[in-house]
Amino acid sequence: FMQLGLSASYTYLLNEKNLLTIGAQVSGANRSFTEDQLEWDNQWNGVIFDPQRTSLEDFDRSTLFYLDLGAGINYRWQKSERTNINIGSGFYHFTTPDNDFYEDEDGFQLPLRYSPHINASFRLVNSLDLLVNGLAQVQGEAKEVVSSAYLRFYLNQKPGKTFKVDVGAIGRWSEKWDAFAPAVGFWVNNWHAELSYDINLSDFTDATNRYGGPEITLQYFITTVKPLNSFKTCPIF
């Protein structure tokens with residue numbers, strides 16, 4: 001499977017505290033498989049697997065290409081750098097493209113998927129913020145919600161020596177709560193490291209077992225951009 005896309009967005013400044021962003025995405029996707037590398041139940045002769053037996057499978061095509069379109073919108077209210085709210089949603093598969101290797105009219109089509117989100121930051125006191133996030137994914141009958149809440153402690157706010165600690169938890173819901181992950185994160189200037197432990201709350205324990213497992217995140221944020229060269233708007237004669 002390979003997919004290549006192009007995205008673009010535009011932010012309109014309503015006023016100094018309100019911003020509206022819209023975006024769009026167009027992409028092309030290619031799916032393919034090699035049939036002689038697949039194994040089927042009909043190739044079991046009752047004793048062993050026999051690759052010479054016919055699979056009785058008949059595909060109309062082994063390569064599939066489709067065009068996919070998406071869009072998104074986001075509203076941002078910002079009182080300050082540490083107090084702001086974002087609300088929006090992304091929308092995917094506007095064209096509901098065919099996504100199987102049969103050419104009949106009842107083939108599988110990718111249904112429209114939308115993903116509303118909200119994230120907010122509130123400055124409580126000089127050295128403490130509250131961060132909340134929520135993301136939902138809905139596609140056909142499938143749905144999932146991931147939410148999180150953190151307290152951010154500012155232990156050092158001097159430029160070049162900033163040090164922040166996040167303490168919180170992440171939860172995942174699908175029909176019922178099926179995962180919970182306490183987390184702690186550290187910010188040192190532009191570096192961010194976070195350790196969380198995913199605890200499985202669902203009935204599916206074959207792959208993850210009841211105790212879940214640890215997850216580690218390491219990020220570096222590029223915040224300096226090379227300035228544009230200076231130029232004169234009018235020629236000098």
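Right above here is the structure, for reference.
All figures in this text were calculated on a predicted structure; none of them were measured in a lab.

**Side note on the overall build of the chain**
Then, number 1: Along the backbone of the chain there are 0 helices and 11 strands.
Then, number 2: From first element to last, N terminus to C terminus, the chain shows the α and β order β-β-β-β-β-β-β-β-β-β-β.
Then, number 3: Over its C-alpha trace the chain gives a radius of gyration of 25 Å, far above what one expects of a compact globule, namely 18 Å for 237 residues.
Then, number 4: The proportion of buried residues among the 237 residues of the chain is 24%.

**A look at the packing of aromatic side chains**
Then, number 1: Summed over the entire model, instances satisfying the criterion amount to 3 aromatic pairs.
Then, number 2: The interplanar angle of 25 degrees and the centroid separation of 5.5 Å between the aromatic rings of Trp 187 and Phe 221 together place this pair among those described as stacked. Highlighted residues: Trp 187 in strand β9 (residues 176-188) and Phe 221 in the segment after β11 (213-220), separated in sequence by 34 residues.
Then, number 3: Note on Trp 187: relative accessible area 14%, which makes it buried.
Then, number 4: Since its relative accessible area comes to 34%, Phe 221 is described here as partly exposed.

**A few points about the pairing of strand β5 (residues 113-125)**
Then, number 1: Where strand β4 (residues 84-92) and β5 come together, 9 bridges link them in antiparallel fashion. Each residue of the ladder has a partner; that of Asn 84, found in β5, is Ser 121.
Then, number 2: Relative to strand β6 (residues 128-139), β5 runs antiparallel, the two being bridged by 10 bridges. Of the residues in β6, the one forming a bridge with Asn 119 is Asn 133.
Then, number 3: Where β5 folds back on β6, the antiparallel hairpin that results is connected by 2 residues.

**Some words on the environment of Tyr 197**
Then, number 1: You can see Tyr 197 is positioned in strand β10 (residues 191-200).
Then, number 2: In this structure the C-alpha to C-alpha distance between Tyr 197 and Phe 122, which are 75 residues apart in sequence, comes to 25 Å.
Then, number 3: The residues touching Tyr 197, leaving out its near neighbours within four places in the chain, are Phe 180, Ala 181, Pro 182, Tyr 211, Gly 212, Gly 213 and Pro 214.

**Quick look at the side chain of Asp 129**
Then, number 1: Topologically, Asp 129 is positioned in strand β6.
Then, number 2: For Asp 129, a relative accessible area of 0% puts it in the buried group.
Then, number 3: At a separation of 2.6 Å, a polar atom in the side chain of Asp 129 contacts the side chain of Arg 82.
Then, number 4: A polar side-chain atom of Asp 129 sits 2.6 Å from a polar atom in the side chain of Tyr 154.
Then, number 5: When neighbours within four sequence positions are excluded, Asp 129 is seen to be in contact with Arg 82, Ser 121, Phe 122, Arg 123, Leu 124, Tyr 150, Leu 151, Arg 152 and Tyr 154.

Quick notes on the rules
Residues numbered from 1 in each chain as written. Predicted model: local features only at pLDDT ≥ 70, side-chain atom pairs only at ≥ 80, totals over all residues. Heavy atoms only, no water. Helix = DSSP H or I, 4+ residues; strand = E, 2+ residues; numbered from the N terminus. Rg over C-alpha atoms; globule rule 2.2 N^0.38 Å. Buried < 20%, exposed > 50% of the residue type's maximum accessible area, 1.4 Å probe, protein only. Phe/Tyr/Trp six-rings, centres within 6.5 Å; stacked < 30°, edge-to-face > 60°. Pairing = 2+ DSSP bridges. Contact = heavy atoms within 4.5 Å. Polar contact = N/O pair within 3.5 Å; in protein donor to acceptor, adjacent residues only side chain to side chain.

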